[in-house]
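Summary of the model geometry
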Amino acid sequence: MSKHFVLIDGSNFIFRAFFAIRSLSTSSGIPTNAVMGFAKMIQKLLRQEKPSHVAVVLDTKQPTFRHEIFPQYKANRDEPPEDLIPQFDLIRRLIDAFNWKRIEMPGFEADDIIGTLADRAAEDGFEVAIVSSDKDLLQLLGPHVRVLDTMKDKWTGHEDLVERFGGGPERVVDVLALAGDKSDNVPGVPGVGEKTAVKLLNEYGSLEVVLENAEKIKGKLGEKVAANKDQALLSKRLVSIKRDIDLNMSLDEFRVAEPNWDALTELLTALEMARLLADIKADPAARIPECDIRRDGYELILDEKKLDELVKELEAAGEISLDLETTSKSPMSARIVGLSFCCDDEKAYYIPVAHEYLGAPKQITLERALEKLKSVLENDKIRKIGQNIKYDWIVLRNHGADIKGVAFDTMIGDYLLNPESGGHNLDAMALRWLNHQNIAYSEVAGKGKQARNFAQVTVESAKDYAAEDAHVTRAIYKILKPMIVEKKLDDLMNNIEIPLVEVLVEMERTGVFIDRDHFAVLSREAGQKLGEIETKIYDEAGAEFNLNSPAQVSEILFDKLNLPKGKKTKTGYSTDVTVLEKLASKHPVPKMLLEYRAFHKLKSTYIDALPQVLHPETGRLHTSYNQAVTATGRLSSSDPNLQNIPIRSAEGRRIREGFTAPPGCVLLSADYSQVELRILAHLARDEAMIRAFQSDADIHSATASQVFGVLPGMVSPEMRRQAKAVNFGIIYGMSAFRLGRDLEIGVKKAQEFIDTYFARFSGVKKFIEATIQEAREKGYVTTLMGRRRAIPELQSSDRNLQGFGERSAVNTPIQGTAADIIKIAMIRLHERIEKEKLPMAMILQVHDELVFEIAEDAVEAMKPVIADAMEGVIALDAPLKIDVGVGPNWAEAH
C-alpha cells in the first residue's frame, strides 16, 4: 500500500511492553524490560503493516485542557512502577534512533494528537491504522481509519462498533459519557455501565436525547440519569477527542526512514542488547521461524477417542513439546488442571482434566489421561521439549507419571546463549525470538482481587493459553537448537544441563528434614538477643525510636548524634549497610544497628520462616534449584533460599544445627577444597601454585610463605589471613583500596602486597592479562567445559563498566568451571545412586558443597563412592580434593 499511516499509542505500548517482559536489566542494574519489549513489538508491527508513514505519540506529565475542565481528571492514576520510570527516556532515545517520528505536546493527550493526525491523513488519501487497546480511540474509526489491538491481534472496524456499542464512532463517545471511565476518573452517571448505556442509547438515539427523557426512564436508573445530567455532559467533553490541534507539521515528516545506526548501536550496546541490535541490522525475516504462531490450529481434547488419536499422533512424531497447567507455582503443591502438547508447526492440543466451574464440560479424568499418555511420556525414544521442564517433571512424578527422553529445555537453551540476561521466561522469549505476544496469564486467570485459580478458567480460554505455551516452546526450540550447535554449546546442554534436570527433580522432591523444636528455641533466643541489642541502642542514643524505620534512624544518627551525613535519597540521608559500616568507628550506635539488622534478618528469613514452609505431607523443606539465573553457571536456590545461610557466623551454625537426618540416618557433607584456586592454578599454569596443591600443602600458608619470603613453618596466623584475602581477592578482581580496607593495612601497603603476589605467582598475572585481552577481542569468555559468557562491558567508554567487565572476564572461567565441575559430580553420583540402589540421597547443593542423607551403617562404604565421583570429574594440574564430614545435623557434618 503506497500511502499507509501507522499511528502508535506509545504510552499504551510502553506499559504493555513493561508487563510482557519482566526481570530484565543490565549487569549494572538498569531495568530494560520495557525497552526490549517496546522495540520488539514495534518491529513486528512495522514488519507486518509495512507503513509508508509512522508516528509514535506519547503523553506528557503536564496537565491538559481536560484538567482545566475537571481538576480531578485522572486523579486516581497510580504512579508508574519504580523500575519503569527510568525507561521512559531510554524509550524516547530508542524511538529517535529508529528515526520514527515522536510527538508529545504539553496541554494535549496522545489521543488528541492521534485524532488530529488520523483525520488529516485520511483526508489526504491514506489508509490509517491506529495501534492501541484504548477504547477511547474507537471514536476515530472511519472508512479509511481502523484500530488494531496487537495484544489480541484484533482489528476493529465499523461492524464491530455496531455490535458492541449499537452504533458508529459517534456512539462510542455517548456510551463513555454515560458509563464513565474509572481509569481516567471520568464520572459518567453512577450505576450506569457500558451495557446499560448501550441499552439507553439504542432506545433514545443519543446522549442528549437520553438526558432530555430522563423522567421517562423507569426506576432508580431514571433518577440517577436525571440527577447527573451535568455530570454526563461534562464526561462527554472529557472523553471527546480533540481532532483539530495545530501541529504545524507536514505529513511528509512522518515518512518511514532508515534508522540512525550510530545512535542505535550506541544505545543498544550500552543497554547490553547486542543480540537485538544484530537482529535489527540483519534481514528482519531471518528471525521469523517456519511456523507462524496462530491460534486457529489449537484443539480441545474432551473425550477419550480424541485422546487416543492424539496419542497416536504424538507417538509417530518422535519429538514433542509439552506443558502443564496447574493450581500452584510450587511444584510440590501443584495439582494438574490440564496438559498441552505440540508436535506440528500449526497445531497444538489442550487436554483439560480438572477445570471446576459452573457449566464446565465433562472432562477426561487425570488418572485416565495419564494412563493413556504414559506410552508417550515414558517413551525415551520420543524427544521431549519443555520450558522449565523441571517443574512439569516434578509435578508429573508427584502424580505417579514420569518423563523420559527429555532432550531440550528452552529456558536453559536461552540462558546458555545469553546467561547475563534475566529474561528467560516464555513471554520474554516469544517476543525476542518470534516477535510474538503471548496471551498473558492475567488475561485468562485475572489479577489482583479478581485473580482466580486456573481450575476456574473456562476450558476454551485455557485451550488457547495452554496450547500456545506448548506451540511457542516448540517454535523457540527450533530457533535455539541450531544456535546452540553453532556456538558449540551442545555438549554443555546435552551432557551437563539436561542430565542435571533429572538430578534436581529428585533432590527437590526428596527435600531435607528440619527440627521444629530447635528452631522454636532459636526464635526465642533471637528475640531475646534483639531485645538486648535494642535496649543498648536506646541507652547509647539517649532516646527510643523505631529501629526498622530509615527515617527515624536517620534522625537519630544525623540530627541527634550529629554523625557525618553520607549519600542522600528521595526520603532523606541513607542509613544503608555501607553508611553504617563507615560510621561504626565513630559511634557505638551504627555498629549495634548493623548487629541488630543482621540478627533481625536471620530471624525473619530463616529462624521464623523455615518452619512455616515445611511441606504438610512430607514434613520436609523443598527448595527449588535454578539453572538459569547466575551469569557464571552456578545453581541458585529459592523458595526457600538455602544457599545464603551464613557459613562462618555462630548464628549460621546454629541454624544449620536445625537441619537434621531422620532416625537411622546421618548427614554427610562433601565440600570441594579450594576448588576455585585449584582451577586458577590450572588455567594460569602457575608452577608455584600447582606445586603447593600437588604436595597437598595449605595453599594460604604456601602463598604467605612466597609473599612474605619466609619458610612455611614461620608463617604466622596473621600472614596466612592476609594471604587468604589476596588469594580469593585475585579471583574477584579485588582492588588495593578494598584489600587495604578489609585487612586494615591501608591502600599503599595493600598495593605492595598485590605487586609482591604477582611477582611470586607470575603465571596468575599473565593469565589475568591474557584473559582480559582475549575477552576484548572475542567479546566473550568460556569455561573449561565450553560455557560462554559475553562481556560487552569491555567495549564501554564508562571506566566503571570496563572494570566490571575485566573482573567478570577473569572470574567467569574460574567460577563457571567450578559450577560445571560440581554439576558433573552431581550427575555421576545420581546415576550411581539410581543404578546401584545406594543407601543414600543427595539432598542439598550449596556452591561447592553437596550434602547427603545416608544410612548410618553405610557411611564408610559411601565415602569412597562420593570421593571417586567428585574428585574424578576432571584431571587438573592442581588435583581436585574434597573435605568430608559426618554428623546428625548439617552443622556437625560441615
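Quantities reported herein were computed from a predicted structural model and do not represent experimental measurements. (Residues numbered from 1 in each chain as written. Predicted model: local features only at pLDDT ≥ 70, side-chain atom pairs only at ≥ 80, totals over all residues. Heavy atoms only, no water.)

This next bit is on the overall build of the protein. Across its full length, the protein holds 36 helices and 24 strands. Here the protein has a C-alpha radius of gyration of 32 Å; the compact-globule value for 894 residues is 29 Å, and the two agree. For the protein, with 894 residues in total, the buried portion stands at 53%. The contacts in the protein between residues at least 6 apart in sequence include a share of 69% that link residues at least 24 apart. As presented, the protein carries roughly 40,100 Å² of accessible surface, and 49% of it is formed by carbon and sulfur atoms. For the protein, the separation between the mean place of its 115 positive charges and that of its 135 negative charges on side chains is 2 Å. (Helix = DSSP H or I, 4+ residues; strand = E, 2+ residues; numbered from the N terminus. Rg over C-alpha atoms; globule rule 2.2 N^0.38 Å. Buried < 20%, exposed > 50% of the residue type's maximum accessible area, 1.4 Å probe, protein only. Contact = heavy atoms within 4.5 Å. Areas by Shrake-Rupley, 256 points an atom, 1.4 Å probe, with all protein chains shown as cover. Lys, Arg positive; Asp, Glu negative; His and termini not counted. Charge placed at Lys NZ, Arg CZ, Asp CG, Glu CD.)

Okay, helix α14 (residues 304-317) next. For the α-helix, the turn length of 3.6 residues means that residues three or four positions removed from each other point alike. Here α14 is 14 residues long and its end C-alpha atoms lie 20 Å apart, about the 20 Å a rise of 1.5 Å per residue gives. For α14, every residue scored as buried is listed here: L307, L310, V311 and L314. On an axial view of α14, the arc spanned by its buried residues comes to 105°, and they lie on one face. Turned more than 90 degrees from where α14 packs its buried face, K305, K312 and A316 sit exposed. The elements touched by buried residues of α14 are β8 (319-326), β9 (336-342), β10 (348-352) and α15 (366-377). Backbone geometry just downstream of α14 places G318 in the positive-phi region, at approximately 85°. (Expected span 1.5 Å × (residues − 1). Arc of directions from axis to C-beta.)

On to the nonpolar core. Counting residues in each nonpolar core, the largest one holds 164 residues, and the members touching the most others are F659, Y672, V764, L829, M840, F852 and I866. Here this core gets eleven residues from one element, more than from any other, and that element is helix α34 (residues 799-836). Dropping the residues within four chain positions of it, L829 is found in contact with M840, M842, L850, F852, V865, I866, A869 and M870. Counting 54 residues, the second-largest nonpolar core is a separate cluster that includes L7, A197, L211 and L247. (Core = buried A, V, L, I, M, F, W, Y, C linked by side-chain atoms within 4.5 Å.)

Turning next to the side chain of S321. In this structure, S321 sits in strand β8. With a relative accessible area of 0%, S321 lands in the buried category. Separated by 2.7 Å, the side chain of S321 and the backbone oxygen of A470 make a polar contact. (Polar contact = N/O pair within 3.5 Å; in protein donor to acceptor, adjacent residues only side chain to side chain.)

Taking strand neighbours across the sheet as the criterion, the six strands line up as β7-β10-β9-β8-β11-β12 in an open arrangement whose pairing is mixed. Every interior strand has two partners, whereas the edge strands, β7 (298-300) and β12 (406-409), have only one. The sheet shows a mean angle of 25° between the axes of neighbouring strands, taken without regard to direction. Pairing analysis gives three bridges linking β8 to strand β11 (residues 383-386), with the strands arranged parallel. Counted as the bridge partner of E319 is R383 from β11. (Pairing = 2+ DSSP bridges. Axes fitted to C-alpha atoms, helices over the stretch in contact; angles between N-to-C directions.)

Along the chain, L271 turns up in the loop between α12 (261-270) and α13 (274-281). By relative accessible area, which is 5% here, L271 ends up buried. Look past the residues within four positions of L271 in its chain and what remains in contact with it is T26, T32, V35 and L90.

Taken as a whole and judged by the stated rule, the model has 53 salt bridges. Here E215 and K229 are joined by a salt bridge, their closest N and O atoms 3.8 Å apart. Here the residue E215 occupies a position in the loop between α9 (207-212) and α10 (219-227), and K229 occupies one in helix α11 (residues 229-239), the gap between them amounting to 14 residues. A relative accessible area of 59% places E215 in the exposed class. Residue class for K229 comes out partly exposed when judged on its relative accessible area of 26%. (Salt bridge = Lys/Arg side-chain N within 4 Å of Asp/Glu carboxyl O.)

Spatial relationships are all this shows, so hold off on functional conclusions.
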